[in-house]
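# Fold and geometry: a report
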Amino acid sequence: MKAPLPQSWWQPEYHAGRRPLLLARNRTQAAIRDWLASADFLEIDPCALATSPGNEAHLHGFATDLIGNDGVPHRMYLHTSPEFAMKKLLAAGERRIFSLGHVWRNRERTDRHSPEFTMLEWYRVEEDYRQLFKDCVAFLRLAAEAAGADQLHYRGQTCDPYAPPDIMTVAEAFLEYADIDLLATCDGPETDTRALRAMAEAKGIRLARDDTWSDIMSRVLVEKVEPHLGRSRPLILDRYPTAEAALARRSADNPSEAERFEFYACGVELANGFGELTDPQEQRHRFVLEMEEKHRIYGECYPLDEDFLAALALMPPASGCALGFDRLVMLATGAPRIDDIIWTPVPRCES
């Protein structure tokens, strides 16, 4: 039998070093719940098993079989987000709801990713999605207060959690940090891969021959743009291209942009929010395209949640956001790895 690794999380001396961070996690969790309750949000507890884990090309679910009383197995998945379940509750009549619980995403394991992590997700019915900007700022400050932090720290970057956030559109950020005119390669939901490839390669970005427009945009974002976001103060990256917003409404003034934003601090993405799409036919069309792309890249795809698509016909206008709670605590406590602030980290299986 192999001896335990020197830094197994359950070893007393290692746990003693992590314990102050974990207590800050608990204080943050309590503070956020109190804040949401004071704003008339109702906490809901969605089931983790779902008929579809989500229908975005690069999200990977954990599959299992639900065996009924007839002994027949039915394929189910651990959800990658409680989004579908929560939107069904909005269709049922709830107005302000949140969930603070575990979600599962396969093929994700880095210092900033855990296959099982805690997500804060919340929805506001008939409220502008920009209200979510204020919510994100409030949660960042609550985490800093709970950890006793004047500054957030991550890999040499700092951010003042109490400073008002900067707000940039995705197009502005690409021009500022990559010198790329992203919207020149978009026409509504249609994109020009050849044009974006030429711009990216001119900036020295290495690309694969079969990279799509979405692949290239993501590579530019990660390599050229994200490292600059949320330095010194938090940043809202607003108005994603429509082609990168499968669950969001299109912007009223530009069909090439959508009501989607991400929230950054210290170059780390913390949250992803939307003005929610509620058109079932449009949503089905976008999901089908996403699953076709997933099959092209990974050789698999997930079923559509037909109940979810039916519920969209009853869902009122709403805005919603998902925030990585573990990353929030990681920045507030200055922890270098996400596993440092998870009470019992997922075992590592790499050979």
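In this report, we go over the structure that sits alongside the text. Treat the numbers as computed from the prediction; the structure is a model and nothing was measured.

### Notes on the overall build of the protein chain
Counting secondary structure elements, the protein chain contains nine helices and 17 strands. Computed over the C-alpha atoms, the radius of gyration of the protein chain is 20 Å, within 12% of the 20 Å expected from 2.2 N^0.38 for a compact globule of 351 residues. On the principal axes, the C-alpha backbone points of the protein chain span a range of 60 × 55 × 50 Å. Here the protein chain, with 351 residues, has 50% of them falling under the buried criterion.

### Section: the sheet that holds strand β9 (residues 166-169)
Spatially, β1-β5-β6-β17-β16-β15-β12-β9 is the arrangement adopted by the eight strands of the open sheet, whose pairing is mixed. Of all the strands in the sheet, the pair left with one neighbour each is β1 (42-43) and β9. Of the strand pairs in this sheet, strand β16 (residues 268-275) and strand β17 (residues 318-324) are connected by five bridges, and their pairing is antiparallel. For asparagine 272, the partnering residue across the bridge sits in β17 and is alanine 322. Sheet contacts for helix α2 (residues 83-92): β5 (96-104), β6 (116-125) and β17; angle to β6, the most-contacted strand, approximately 25°.

### Re the pattern of salt bridges
One pass over the structure, following the stated rule, counts 27 salt bridges. With its nearest N and O atoms 3.2 Å apart, the salt bridge here joins glutamate 126 to arginine 95. Of the two residues, glutamate 126 is situated in the loop between β6 and α3 (131-147) and arginine 95 in the loop between α2 and β5; the sequence distance between them amounts to 31 residues. Judged by relative accessible area, which is 43%, arginine 95 ranks as partly exposed. Several salt bridges share partner residues, and in doing so they unite Arg96, Arg124, Glu127 and Asp135 into one network.

### So, the sheet that holds strand β3 (residues 62-67)
With antiparallel pairing, three strands are arranged side by side in an open sheet as β2-β4-β3. Unpaired on one side and paired on the other, β2 (49-50) and β3 mark the two borders of the sheet. Direction of pairing for β2 relative to strand β4 (residues 73-78): antiparallel, over a ladder of two bridges. For leucine 49, the partnering residue across the bridge sits in β4 and is leucine 78.

### Observations regarding the packing of α3 against helix α9 (residues 325-333)
Running from N to C, α3 and α9 cross one another at 50°; their axes reach a closest spacing of 9 Å. Between α3 and α9, the interaxial angle falls into the category oblique. Judged by the sense of rotation from one axis to the other, the crossing of α3 with α9 is right-handed. In this structure, α3 contributes Phe139, Leu140, Ala143, Ala144 and Ala147 to the contact, and α9 contributes Leu328, Ala332 and Thr333.

Procedures and definitions
- Residues numbered from 1 in each chain as written.
- Predicted model: local features only at pLDDT ≥ 70, side-chain atom pairs only at ≥ 80, totals over all residues.
- Heavy atoms only, no water.
- Helix = DSSP H or I, 4+ residues; strand = E, 2+ residues; numbered from the N terminus.
- Rg over C-alpha atoms; globule rule 2.2 N^0.38 Å.
- Buried < 20%, exposed > 50% of the residue type's maximum accessible area, 1.4 Å probe, protein only.
- Pairing = 2+ DSSP bridges.
- Contact = heavy atoms within 4.5 Å.
- Axes fitted to C-alpha atoms, helices over the stretch in contact; angles between N-to-C directions.
- Salt bridge = Lys/Arg side-chain N within 4 Å of Asp/Glu carboxyl O.
- Parallel < 35°, antiparallel > 145°, perpendicular 65-115°, else oblique.
- Left-handed = near helix turned anticlockwise from the far one by under 90°.

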